[in-house]
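# Structural features, examined
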Amino acid sequence: MPLGVMEMELFFQQIVNGLVLGSIYSLVALGITLIYGIMQLPNFAHGHLYMLGAYLTLWMMTIYGFRYWTAILVSVAALFLIGMLLERLVFRPLHNAPHINSMIAAVGVMLFLEAVARKLWGSDYRRLDSPYGEVISVFGVTITQQRVIIIVAAIILMIGLNLFLKRTVIGSTIEAMAQNREGAFLVGIDANKVSLLTFGIAAGLAAAAASLAAPINLVYPSMGAMVNLKAFVIIVLGGMGSIPGAVIGGYILGLAESISGTYINSEYKDLVAFVILILILTVKPTGLFAKEAR
Amino acid sequence: MRRHAAFNRASKLAVPVLLLLAAAIPWLTSNPYYLDIVVKVFIWTIVVNGMNIIAGYTGQLSLAHAGFFGIGAYTFGLLMTKAAMPFLPSLVIAVLVTGLVGSVAGMISLRLKGHYFAIFSLCVGVVLLLVIEKWESLTEGVRGLLGIPIPKIGSFEFASMTSQYYLMLFFLVLTMFVNHRIIHSLVGRTFIAIRHSEELAEALGINVMRNKIIAFVHSTVLAGLAGALYAGYIRFLGPDIASVEHSFDMLLYLLVGGIGTLWGPLVGTALVMILMQWLQSWQEYRMIIFGPVLVLLVLFLPYGIIGTLTRLMHKRRLGQPLTQKQAVERSVLHDQSLAGGGE
């Protein structure tokens, strides 16, 4: 095989891997940006909701013998409830307190969730075996079914979220509140219900992302920390509260990581996100898709 | 009014009494375990004092401080081991290097405001951690930097627990004294003005950016100092000292003690660290209890211990004319929009 063709194949392979990574990042960043849009709260515990989602799916499959998709559904539903519970018990009472307090509360939630995971499931790295381990070949690019599923499922979820926000009454209350809080109150939108729902959806998205990603990664109690940080990088670049910013930013970061991991140095792969952030904000302090002037 | 005067006299006495007490601790207990905890409390209080200046007084929530602690610790450790430099020059250079990195990081990151600054600084912290962890040829990476020599000034070795204790006590007192002077100076009031409103401060003719950078550099210098002292005390370094969790820990100490108060860092650090030691035997249940306690704390004691106490005292003294110093303190307390406030 000529060298050029191999180079191209390697390149496309990395594009696909980047899309897989980007799908996960986008789903997590979407949740954070939704919460920020409604509550102006950077939810540092979001990565740990992601971790919880992965463990619940793993748990449902190993202990109750659920099938992969059923397990994911249960996990998403459970995280939806947990998200709402967190909003009600922790973040709603803090809404009028100084912002630093809700950040600290998020740290408290984070410590708690990680400790619970260690207690319940131990600190070992675990595998989640998906039924879609087969390798398929598309235009010379070999890819496991699971990766295709991640890419497709993420797109479906994003389209579904978009339809929900734009086409349903309850979804448009979320959009309305993100756009203008006072205006939303004036037309009679119940802020508490909207925040409750937003937290639920965001946590559910995190669970879906984690369950989809778990078969190609490992499951362990601190697995959410790095994903969380990167999702924050994405939403700072994409504009906090901006939905398109989170999606596009997620894919950009996924691709940048996968390509630089191959062509530059895989040791420093995790650094890419943060270096990109620092470079862009040095040149353009308002981020790429700033929703408002800072 | 008389009670007020009596209170003032009492508070004037409080500092010398506390100093005497602190100086006497090694005589009161010879248990190295207790001394070890107190030494660590002192080291962390120094960083938290730094964080207090930038987050508490200037209102810019920096989450990069574990990274700067790491820079201070590693610069000191590398100078002592690989360059075989003596203790004091290593300490000074470590502090200067941290301040230099801090000023560059500050110039870039302080252009952002509110949550954006908080998250950006968090990312700066991660970059510093990853550089320390991955630059194996210099820092030995995850294997850790071993064999840092015992700190020595002249022919005196800080080998014993007691001597280390006094070394840390000296730097802690120095830090708190400097912070005290800053807070009650024009610079300190400028910081507070910036926290209240950057626009308003700008309109008053304050160079907001320059003052924010001064506050940030001061806080990173303290982080570097604490890091270097830590390296000289533990004499072994792993990259995890620069991990983001430590920034969160510092924030926690600060919030428990009272953000934007002079004594908050000491009280918060001491209380939380001692509580953690006390819960040590609970192992994995520790954080299961501690997480919710933290949440309850911000829900019901949002100004921390010192903050809440001073608020209560001010309430009781309400109606009496304030001295200028008290007016400054009150304006500190009445500010709701602490660090990370709205845009």
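### Remarks on the packing of aromatic side chains
This model, assessed by the stated rule, comprises 23 aromatic pairs over all chains. Taken together, the ring pairs connect B:Phe76, B:Phe87, B:Phe156 and B:Phe158 into an aromatic cluster.

### Brief notes about the interface of chain B and chain A
Contact residues are listed per partner, giving 44 residues for chain B and 44 residues for chain A. Applying the counting rule to chain B against chain A returns 0 salt bridges. For the pair chain B and chain A, the interface holds 2 residue pairs in polar contact (both at pLDDT 80 or more). Those elements giving two or more residues to the side of chain B that touches chain A turn out to be α5 (114-134), α11 (244-257) and α13 (285-300) of chain B. Looking at the side of chain B that touches chain A, the element that brings in the most residues is α5(B), giving 13 residues. Here the residues of the side of chain B that touches chain A sort into 34 nonpolar, 6 polar and 4 charged.

### Some points on the packing of helix α3 (residues 65-81) of chain B against helix α4 (residues 87-109) of chain B
All names here are of chain B. Interhelical geometry of α3 versus α4 gives an angle of 145° and a closest axis separation of 8 Å. The handedness of the crossing between α3 and α4 comes out as right-handed. Contacts from Phe 68, Ile 71, Gly 72, Thr 75, Phe 76, Leu 79 and Met 80 of α3 reach α4 at Phe 87, Ser 90, Leu 91, Ile 93, Ala 94, Val 97, Thr 98, Val 101, Gly 102 and Ala 105.

### Some details on helix α4 (residues 99-121) of chain A
Think of an α-helix as 3.6 residues a turn; residues three or four steps apart then line up on the same face. For α4(A), spanning 23 residues, the distance from its first C-alpha to its last is 33 Å, which sits close to the expected 33 Å at 1.5 Å a residue. Count one or two residues on from α4(A) and you reach A:Gly122, which has phi positive near 75°.

### Here's the deal with the pairing of strand β1 (residues 135-138) of chain A
The side chains of a regular strand alternate, first on one face of the sheet and then on the other. Residues and elements named next belong to chain A. As judged from the 4 bridges shared by β1 and strand β2 (residues 141-144), these two strands associate in the antiparallel manner. Pairing of Val 135 across the sheet is with Thr 144, part of β2. Turn length for the β1-β2 hairpin, with the two strands adjacent in sequence and antiparallel, is 2 residues, and the turn residue Phe 139 shows positive phi of about 50°.

### So, the confidence of the model for chain B
Detailed reading of predicted coordinates is not advised where the pLDDT is low. Averaged over all residues, the pLDDT of chain B is 85; the fraction at 70 or higher stands at 89%. Here residues 334-343 of chain B is a poorly scored stretch, pLDDT under 50, and it has 30 contacts once near neighbours within four places are set aside; other chains count.

### Describing the side chain of A:Thr173
Residues and elements named next belong to chain A. Following the sequence through the fold, Thr 173 ends up in helix α6 (residues 169-179). Within the structure, Thr 173 has its side chain in polar contact with the backbone oxygen of Ile 170 (distance 2.4 Å). With residues up to four places along the chain from it excluded, the contact list for Thr 173 reads Ile 189 and Val 194.

### Examining the domain arrangement of chain B
Partitioning chain B into domains gives domain 1 (1-30) and domain 2 (32-333). The straight-line distance from the C-alpha centre of domain 1 of chain B to that of domain 2 of chain B is 24 Å.

### A closer look at a nonpolar patch on the surface
All names here are of chain B. A contiguous nonpolar surface patch, about 600 Å² in accessible area, is contributed by Val 15, Leu 18, Leu 19, Leu 21, Leu 28, Val 173 and Trp 263. Top contributing element to the nonpolar patch by residue count: helix α1 (residues 2-28), with 5 residues. If you trace the backbone, Leu 18 turns up in helix α1.

Conventions we followed
- Residues numbered from 1 in each chain as written.
- Chains lettered and ligands numbered in written order.
- Predicted model: local features only at pLDDT ≥ 70, side-chain atom pairs only at ≥ 80, totals over all residues.
- Heavy atoms only, no water.
- Phe/Tyr/Trp six-rings, centres within 6.5 Å; stacked < 30°, edge-to-face > 60°.
- Contact = heavy atoms within 4.5 Å.
- Salt bridge = Lys/Arg side-chain N within 4 Å of Asp/Glu carboxyl O.
- Polar contact = N/O pair within 3.5 Å; in protein donor to acceptor, adjacent residues only side chain to side chain.
- Helix = DSSP H or I, 4+ residues; strand = E, 2+ residues; numbered from the N terminus.
- Nonpolar A, V, L, I, M, F, W, Y, C, P; charged D, E, K, R; others polar.
- Axes fitted to C-alpha atoms, helices over the stretch in contact; angles between N-to-C directions.
- Left-handed = near helix turned anticlockwise from the far one by under 90°.
- Expected span 1.5 Å × (residues − 1).
- Pairing = 2+ DSSP bridges.
- pLDDT = per-residue confidence, 0-100.
- Domains from an automatic or database assignment.
- Patch = residues over 30% accessible without salt bridge, like charges linked within 9 Å, V, L, I, M, F, W, Y side chains within 5 Å.
- Areas by Shrake-Rupley, 256 points an atom, 1.4 Å probe, with all protein chains shown as cover.

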